[in-house]
Amino acid sequence: MANIRAGGVSPLSGVAHSLTLVALLLGAGNLIRFVPASVLAGILVYIGTRIIDWSYLKRIRYTQPTSVIIMATVWFLAVFVSVVTAIAVGVVMASLVLAKRMADLQLESVELSTERDSAPGLTEAEQAEFDQCKDRALLIHLGGPMTFGTANGFTRRLANIADYELVILDLSDVPHIDDSATMAIESVIRRAKENEQVVILVGMRHQVVREFTRSGMQGLVKSCLRFRNR
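In this text the structure is predicted, and so the values were computed from the model without any measurement.

A. Structural detail: a nonpolar patch on the surface. A contiguous nonpolar patch, built from Leu21, Leu24, Ile32, Val35, Val39, Leu40 and Ile43 and spanning about 540 Å² of accessible area, is present on the exposed surface. Listed by contribution, the elements that provide at least two residues to the nonpolar patch are α2 (11-27) and α4 (37-51). Ranked by the residues each element gives to the nonpolar patch, the list is headed by α4, at 3 residues.

Dropping the structure here:
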């Protein structure tokens with residue numbers, strides 16, 4: 001942090017900083033040991049006050065509670081345990097919070113349509129065809145990357161699909177899908193097949209098809225009707 005506050009902006013600054021410390025330790029250790037501890041303490045206090053993000057503390061009451069909890073946890077561990085432990089725990093906590101937020105955003109992009117007003121972005125021709133189904137078809141529109149964070153929520157939202165004769169999975173806006181989301185989609189398709197429902201897969205991109213193939217879903221995908229666009 002001292003290095004960064006001094007203007008270091010590249011990995012080379014970290015290397016130079018480390019080499020300087022090694023040179024002082026090995027070449028001038030006998031001289032450094034005469035530096036009074038009070039002087040070193042003063043330097044540490046000065047550095048410590050400078051690395052505090054005062055602007056963040058001023059607006060902390062407007063900050064999300066999760067961010068405050070992470071900050072307080074990292075501070076406590078840094079003071080009473082070790083800085084390395086504090087950094088590791090802070091990174092893990094921040095990653096989990098980010099994964100949760102991303103999962104919520106991905107679930108919001110899952111749109112289930114059985115009525116005219118709720119169909120997402122259908123053209124007039126598509127809407128006319130959809131209206132003729134008279135709520136016998138369920139259109140599932142997925143948007144954005146589908147990851148492990150959405151798998152459970154996606155499965156729960158589609159727990160009851162037996163009321164429809166036709167299930168349409170629109171994957172046109174899905175650029176990426178991981179193993180967990182693939183298993184969730186597989187579960188939905190298998191459930192529909194067990195209910196003797198017609199399943200249509202729409203707009204599968206190359207990466208999605210490759211993931212389905214890698215997961216051993218070729219036979220299941222081939223048993224569905226497939227179209228390049230909606």
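Still more to cover.
B. Fine view of helix α10 (residues 179-194). End to end, α10 covers 22 Å across 16 residues, agreeing with the expected 22 Å (1.5 Å per residue, within 8%). Of all the positions in α10, only Ala181, Thr182, Ala184, Ile185, Glu186, Val188, Ile189 and Ala192 are classed as buried. Summarising the contacts, the buried residues of α10 are in contact with β2 (137-143), α9 (148-157), β3 (166-173), β4 (198-202), α11 (206-214) and α12 (218-222). The backbone nitrogen of Ser180 lies 3.3 Å from a side-chain oxygen of the residue at the head of α10, namely Asp178. In the stretch just after α10, Glu196 is the one whose phi turns positive, near 60°.

C. Layout of the packing of aromatic side chains. Summed over all chains, the structure comprises 1 aromatic pair. Taking 4.8 Å as the distance between ring centres and 40° as the angle between the ring planes, the aromatic pair formed by Phe76 and Phe80 counts as tilted. You can see Phe76 and its partner Phe80 sitting in helix α6 (residues 65-80), 4 residues apart, about one turn around the helix. Judged by its relative accessible area of 45%, Phe76 is partly exposed.

D. Here's a closer look at the packing of α10 against α11. In the contact formed by α10 and α11, the axes pass within 10 Å of each other and the chain directions differ by 80°. Viewed along their axes, α10 and α11 adopt a mutual orientation that is roughly perpendicular. Contacts between α10 and α11 involve Asp179, Thr182 and Ile185 from the first element and Glu211, Phe212 and Arg214 from the second. Split into classes, the residues belonging to the contact of α10 with α11 amount to 2 nonpolar, 1 polar and 3 charged.

E. Quick look at the state of the cysteines. Throughout the structure, instances matching the rule amount to 0 disulfides. Cys133 takes part in no disulfide bond, and the closest cysteine sulfur to it belongs to Cys224, at a distance of 17 Å.

F. Local environment of the pairing of β2. Most of β2 sits inside the fold, with 7 of its 7 residues counted as buried. The two faces of β2 match: Ala137, Leu139, His141 and Gly143 on one face and Leu138, Ile140 and Leu142 on the other face are all buried. Note: β2 against β3, 6 bridges, orientation parallel. Of the residues in β3, the one forming a bridge with Leu138 is Val167. Between the parallel elements β2 and β3, the chain passes through α9 in a crossover that is right-handed.

G. Here's a closer look at the pattern of salt bridges. Tallied over the full model, the rule gives 6 salt bridges. As a salt-bridge pair, Arg230 and Glu126 come within 3.6 Å of each other at their nearest N and O atoms. Of this pair, Arg230 sits in the segment after β5 (225-227) while Glu126 sits in helix α8 (residues 124-132), and the two are 104 residues apart along the sequence. On the basis of relative accessibility, which here comes to 33%, the residue Arg230 falls in the partly exposed class. One connected set of salt bridges, linked through shared partners, spans Glu126, Asp170 and Arg230.

Conventions used here
- Residues numbered from 1 in each chain as written.
- Predicted model: local features only at pLDDT ≥ 70, side-chain atom pairs only at ≥ 80, totals over all residues.
- Heavy atoms only, no water.
- Patch = residues over 30% accessible without salt bridge, like charges linked within 9 Å, V, L, I, M, F, W, Y side chains within 5 Å.
- Areas by Shrake-Rupley, 256 points an atom, 1.4 Å probe, with all protein chains shown as cover.
- Salt bridge = Lys/Arg side-chain N within 4 Å of Asp/Glu carboxyl O.
- Helix = DSSP H or I, 4+ residues; strand = E, 2+ residues; numbered from the N terminus.
- Expected span 1.5 Å × (residues − 1).
- Buried < 20%, exposed > 50% of the residue type's maximum accessible area, 1.4 Å probe, protein only.
- Contact = heavy atoms within 4.5 Å.
- Polar contact = N/O pair within 3.5 Å; in protein donor to acceptor, adjacent residues only side chain to side chain.
- Phe/Tyr/Trp six-rings, centres within 6.5 Å; stacked < 30°, edge-to-face > 60°.
- Axes fitted to C-alpha atoms, helices over the stretch in contact; angles between N-to-C directions.
- Parallel < 35°, antiparallel > 145°, perpendicular 65-115°, else oblique.
- Nonpolar A, V, L, I, M, F, W, Y, C, P; charged D, E, K, R; others polar.
- Disulfide = S-S within 2.5 Å.
- Pairing = 2+ DSSP bridges.
- Right-handed = clockwise from strand over helix to strand, strands pointing away.

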